[in-house]
Amino acid sequence: MADVEPVAELRAVVLRTDLERLGRYDEQRVRQRLREGFTPAHTWVIEVDGLFAGCVSLRPAEDAHWLEHFYLAPHLQGSGIGTAVLRGLLERCDRDGTRVRLNVLQGSPAQRLYERHGFTRETEEPVDVFMVREPALAVRDK
């Protein structure tokens with residue numbers, strides 16, 4: 001995905017409620033932060049019925065991959081699409097023996113999704129919760 005603007009708009013919509021609750025919503029900043037940290041080479045587009053529905057990034061780092069920019073259109077949240085996307089990415093990391101890190105906003109419902117998939121809290125700040133997931137042991141064929 002080369003065009004960052006649809007992702008910046010989706011991020012603004014998806015994060016608005018949580019950022020407002022935390023007193024951190026700024027209409028311009030929410031989009032600019034994505035533009036500054038967006039890496040198309042590590043980003044996948046999520047499409048539903050051929051239409052842009054979201055995205056997710058898995059950025060390699062020194063000791064883990066960072067799960068970032070995981071946004072799904074609000075009308076599709078809770079439909080199982082995000083779970084399926086996350087499961088696929090984590091299976092890939094498990095096969096490679098790769099730890100996965102992420103950060104989620106304090107109080108975000110997304111935190112429950114991550115906990116169900118084996119993420120645990122590593123550290124917390126007033127706005128962010130940093131989580132980590134160790135790779136699951138891969139079942140080897142005999």
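For the protein chain, an unreviewed UniProt entry supplies the name N-acetyltransferase and the organism Streptomyces lavendofoliae.

A. Region of interest: the overall build of the protein chain. Check the secondary structure of the protein chain and you find four helices and six strands. Its helices and strands taken in sequence order, the protein chain reads α-α-β-β-β-α-β-α-β-β from the N to the C terminus. Expressed as a percentage of the 142 residues in the protein chain, the buried residues total 41%. Across the protein chain, the fraction of contacts at a sequence separation of at least 24, relative to all contacts at a separation of at least 6, is 52%. Looking at the protein chain as shown, the accessible area adds up to about 8500 Å², and 48% of this sits on carbon and sulfur atoms. Each charge class in the protein chain was averaged separately, 20 positive and 23 negative side chains, and the resulting centres sit 3 Å apart.

B. Spatial organisation of the nonpolar core. Counting residues in hydrophobic clusters, the biggest one holds 36 residues, and the most contacted among them are Leu67 and Tyr114. Elements that contribute at least two residues to this core include exactly helix H1 (5-21), helix H2 (27-37), strand S2 (51-60), strand S3 (65-72), helix H3 (81-96), strand S4 (100-105), helix H4 (110-116) and strand S6 (128-133). Ranked by residues supplied to this core, first place goes to H1 with six residues.

C. How the structure looks around the side chain of Thr43. Topologically, Thr43 is positioned in strand S1 (residues 43-48). Within the local environment of Thr43, its side chain forms a polar contact with the backbone oxygen of Thr39, the two atoms lying 2.8 Å apart. A distance of 2.6 Å separates polar atoms of two side chains, one belonging to Thr43 and the other to Ser57. In this view, Thr43 contacts Phe38, Cys55, Val56 and Ser57; residues no more than four positions away in its chain are not counted.

D. Examining the pairing of S1 more closely. Here S1 runs beside S2; their pairing, made up of six bridges, is antiparallel. Each residue of the ladder has a partner; that of Val48, found in S2, is Leu51. Between S1 and S2, which pair antiparallel in sequence order, lie two residues; one of them, Asp49, sits at a positive phi of approximately 55 degrees.

E. Representation of the sheet that holds S1 within the structure. Pairing is mixed across the open sheet formed by six strands, whose spatial order is S1-S2-S3-S4-S6-S5. On the outer flanks of this sheet lie S1 and strand S5 (120-124), each paired with one strand and no other. On average, each strand axis in the sheet is inclined to that of its neighbour by 30 degrees, with strand direction left out of account. For S4 and S6, the ladder comprises six bridges, and the chain directions are antiparallel. Bridge assignment links Asn103 to a residue of S6, and that residue is Phe130. Sheet contacts for H1: S2, S3 and S4; angle to S3, the most-contacted strand, approximately 85 degrees.

F. Quick look at the pairing of S3. Counting buried positions along S3 yields seven of eight residues, so the element is predominantly enclosed. The sheet contact formed by S2 and S3 spans six bridges and is antiparallel. The partner of Cys55 across the bridge, within S3, is Tyr71. Between S2 and S3, which pair antiparallel one after the other, the connecting turn spans four residues.

What counts and what doesn't
Residues numbered from 1 in each chain as written. Predicted model: local features only at pLDDT ≥ 70, side-chain atom pairs only at ≥ 80, totals over all residues. Heavy atoms only, no water. Helix = DSSP H or I, 4+ residues; strand = E, 2+ residues; numbered from the N terminus. Buried < 20%, exposed > 50% of the residue type's maximum accessible area, 1.4 Å probe, protein only. Contact = heavy atoms within 4.5 Å. Areas by Shrake-Rupley, 256 points an atom, 1.4 Å probe, with all protein chains shown as cover. Lys, Arg positive; Asp, Glu negative; His and termini not counted. Charge placed at Lys NZ, Arg CZ, Asp CG, Glu CD. Core = buried A, V, L, I, M, F, W, Y, C linked by side-chain atoms within 4.5 Å. Polar contact = N/O pair within 3.5 Å; in protein donor to acceptor, adjacent residues only side chain to side chain. Pairing = 2+ DSSP bridges. Axes fitted to C-alpha atoms, helices over the stretch in contact; angles between N-to-C directions.

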